[in-house]
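The lines below spell out each chain.
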Amino acid sequence: MNALDRHLALIGFMGAGKSTVGNAAAEKLGRPFVDADRVIEARVGLPIARIFDERGEAEFRRLEAEITVELLESATPTVLSLGGGAVGTIEIRKALHAHALTVLLEVSVADAWKRSQNGQRPLARDRERFEQLYEERQGLYIDTADTAARDLHDVILAAGGVHVAVGALERLGELVPGAGAVSLVGDRRVLGIYGADAQLALGTRLTAGTHELPSGEEAKSGVSLERLWGELRLDRKSTLVALGGGCTTDVAGFAAATYMRGVPWVSVPTTLVGQVDAAIGGKTGINLPTAKNLIGAFHWPTRTVIDPVLLETLPESERAGGMAEVVKTGLLAGERIWELPDAELVRRCAAHKVAVCLRDPHDRAIRTSLNLGHTFAHALEAGAAYSTVTHGHAVALGLRAALQLSVKHLGLDPKWSAVVEDVLKPKPVRVDIERAWAAMKRDKKAEAGKTRLVLLEAFGRPVWGVELPDDEVRTALESLVER
Ligand SMILES: NC(=O)c1ccc[n+]([C@@H]2O[C@H](COP(=O)([O-])OP(=O)(O)OC[C@H]3O[C@@H](n4cnc5c(N)ncnc54)[C@H](O)[C@@H]3O)[C@@H](O)[C@H]2O)c1
């Protein structure tokens, strides 16, 4: 369940911060923000408190239902904040179910009381009554909401159907949407570590078998995909659950996109790259012997289940690779995410990726910004014939080139380009420079042979489609290569 083509509705008690968080979420998702209470006030021409006092609560609820249902039936997906008591009306609950992903914004009763003392809330005048109302409404909020959130990042994650929680793997059975059969697809090594836990958590839902993929890029081949297609025994109501790093979720997601012309899938990323990037946003695919990720499809997972605890068994080299994506995300988001502890770092990065992908699911505009450093990285990987240079190392070097060009051409403060050196410390690599350069000119983001780069004009402010003279770009690429 996600808010890709639906309204994102925020419900919760008065003082939960629905308007503030809703406004910020709308900005991140590039959608209009609509505050149902403000629309009611504008239509009636009176503040809510006066509608209550002069016309009574019953008339207010009637108006609220009429206007809220109308807002929910509007075609353009919005972020919609509902009044605290709106879910008490059955017509509104039905419309939420039909047209929105509904998120409960949680707040403690003490915080709610403190924030509601501005004199404009008719039901926040008497503390005892306020606390009683809070208790009465909790059950209704929980029953109505598709999920709960405590802050802006949680709301964005919910909008993308992404669940981040320590211990989430143990709850996999209940987190896989639908009631049909489930099949588990995992990377050989990951199944050896977490396969039994995942099977236990899926319990009786795991009726369509467990399928093993090779570890690493070998999984993203036509041969491995064809074997998986042949093994799957799914119908349209079944769900494929992919457990592993980016290679596993890429190929298993592509199998889900193509098997019977598309079955639902759930991604369960187990690497840092997977948790902060690869498993989110619906890009799936495989490699051709001549080029990475050339064959693929957009197929958004019905849920992404992220358990940061799974990173504990990740080899240090794989973690280092993931940190390059973390630094990239922090620079794009304008937050020093790389300094945070694992669980929070993963939550923030995942939220940034969700926001960008929901805003531009098919990679036509802002989603391109996620490619910061990657044009150089892909060239280096090709120059090393996809064997001697890891993707993470290549991304770290690619970030160095992109940020140095950003300092020179867009006036980026050099302290941000220094972050790459301080945190990632990438060493130049030995690659075939002509092969790398040829790959750069062929990049999927190039147009008419002209390389189009993503650069940063400031911390948190990416610019994409930047064309620079070939000799500048080539010199930057050469600076990443060992002589
Ligand atoms: N679809 C997207 O949007 C997207 C984005 C970024 C990257 N990618 C793709 O992701 C792939 C790279 O993914 P990756 O870096 O996760 O590599 P990966 O899937 O190859 O995993 C790396 C290694 O770590 C092992 N491993 C995984 N989880 C583990 C765990 N918890 N404990 C111990 N070992 C574990 C795996 O067996 C494998 O050997 C690339 O093919 C890249 O193209 C896709």
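Treat the numbers as computed from the prediction; the structure is a model and nothing was measured.

## So, the sheet that holds strand β8 (residues 210-213)
Hydrogen bonding along the main chain pairs the strands of a sheet, whether they run parallel or antiparallel.
Here comes step 1: As summarised here, the arrangement of the six strands in space is β6-β13-β10-β9-β7-β8, forming an open sheet in which the pairing is parallel. In this open sheet, the two edge strands, each paired with only one partner strand, are β6 (162-164) and β8. Recorded for the sheet is a direction-independent mean angle of 15° between the axes of neighbouring strands.
Here comes step 2: Note that strand β9 (residues 239-244) and strand β10 (residues 265-269) share five bridges and pair parallel. Directly across from Gly 244, in β10, lies its bridge partner Pro 269.
Here comes step 3: Strand contacts of helix α10 (residues 188-202): β7 (182-187), β8 and β9, with the helix running at about 160° to β7, the strand carrying the most contacts.

## Quick notes on the domain arrangement of the protein chain
Frequently, the measure chosen for interface size is the accessible area removed from exposure when the parts meet.
Here comes step 1: Parsing the protein chain into structural domains produces domain 1 (7-159), domain 2 (164-314) and domain 3 (366-478).
Here comes step 2: Just the C-alpha atoms count here: the centres of domain 2 and domain 3 sit 29 Å apart.

## A closer look at the site of the ligand
Here comes step 1: Lining the immediate surroundings of the ligand are 30 residues, of which Gly 245, Gly 246, Cys 247, Thr 271 and Val 273 lie closest.
Here comes step 2: At the level of secondary structure, the elements contributing two or more residues to the shell around the ligand comprise α10, α12 (246-258), α13 (272-278), β12 (291-298) and α14 (316-333).
Here comes step 3: Residues of the shell around the ligand, tallied by class, amount to seven nonpolar, 14 polar and nine charged.

## Quick look at the environment of Glu 174
Here comes step 1: Among the structural elements, Glu 174 can be located in helix α9 (residues 172-175).
Here comes step 2: Measuring from C-alpha to C-alpha, the distance between Glu 174 and Ala 9 comes to 23 Å, with 165 residues separating the pair along the chain.

## Remarks on unusual backbone geometry
Here comes step 1: The residue Met 260 is not glycine, and still its phi comes out positive at about 50°.
Here comes step 2: At Arg 261, a residue that is not glycine, the phi angle is positive and equals roughly 60°.
Here comes step 3: Residue position: Arg 261 is located in the loop between α12 and β10.

## Regarding α10
Here comes step 1: An ideal rise of 1.5 Å per residue puts 21 Å on 15 residues; α10 reaches only 18 Å between its terminal C-alpha atoms.
Here comes step 2: Of all bends in α10, the biggest is about 65°, found at Tyr 194.
Here comes step 3: Buried within α10 we find Val 190, Leu 191, Tyr 194, Ala 198, Ala 201 and Leu 202.
Here comes step 4: Among the residues trailing α10, Gly 203 stands out with phi positive, at a value near 55°.

## Remarks on the packing of helix α3 (residues 48-55) against helix α4 (residues 57-73)
Here comes step 1: Where α3 contacts α4, the two axes come as close as 7 Å, and the packing angle between them is 130°. Here α3 is positioned oblique relative to α4, judged by the angle of their axes. Between α3, through Ile 51, Phe 52 and Arg 55, and α4, the contact on the second element is made entirely by Glu 57, Glu 59 and Phe 60.
Here comes step 2: Its residues assigned to classes, the contact of α3 with α4 shows three nonpolar, no polar and three charged.

## Notes on the sheet that holds strand β4 (residues 100-105)
Here comes step 1: The strand order across the open sheet formed by five strands is β2-β3-β1-β4-β5, and the pairing between neighbours is parallel. A strand with exactly one partner marks an edge of an open sheet, and here the two such strands are β2 (33-35) and β5 (147-149). The sheet shows a mean angle of 25° between the axes of neighbouring strands, direction not considered.
Here comes step 2: As judged from the five bridges shared by strand β1 (residues 7-11) and β4, these two strands associate in the parallel manner. Bridge pairing in β4 places Ala 9 opposite Thr 102.
Here comes step 3: Along the sheet, helix α1 (residues 18-29) makes contact with β1, β2, β3 (79-81) and β4, crossing β3 at roughly 175°.

Definitions and cut-offs
- Residues numbered from 1 in each chain as written.
- Predicted model: local features only at pLDDT ≥ 70, side-chain atom pairs only at ≥ 80, totals over all residues.
- Pairing = 2+ DSSP bridges.
- Helix = DSSP H or I, 4+ residues; strand = E, 2+ residues; numbered from the N terminus.
- Axes fitted to C-alpha atoms, helices over the stretch in contact; angles between N-to-C directions.
- Contact = placed C-beta atoms within 7 Å.
- Domains from an automatic or database assignment.
- Near = placed C-beta within 6 Å.
- Nonpolar A, V, L, I, M, F, W, Y, C, P; charged D, E, K, R; others polar.
- Expected span 1.5 Å × (residues − 1).
- Bend = angle between axes of the 7 residues up to and from the residue.
- Buried ≥ 20, exposed ≤ 12 C-beta atoms within 10 Å, placed from the backbone.
- Parallel < 35°, antiparallel > 145°, perpendicular 65-115°, else oblique.

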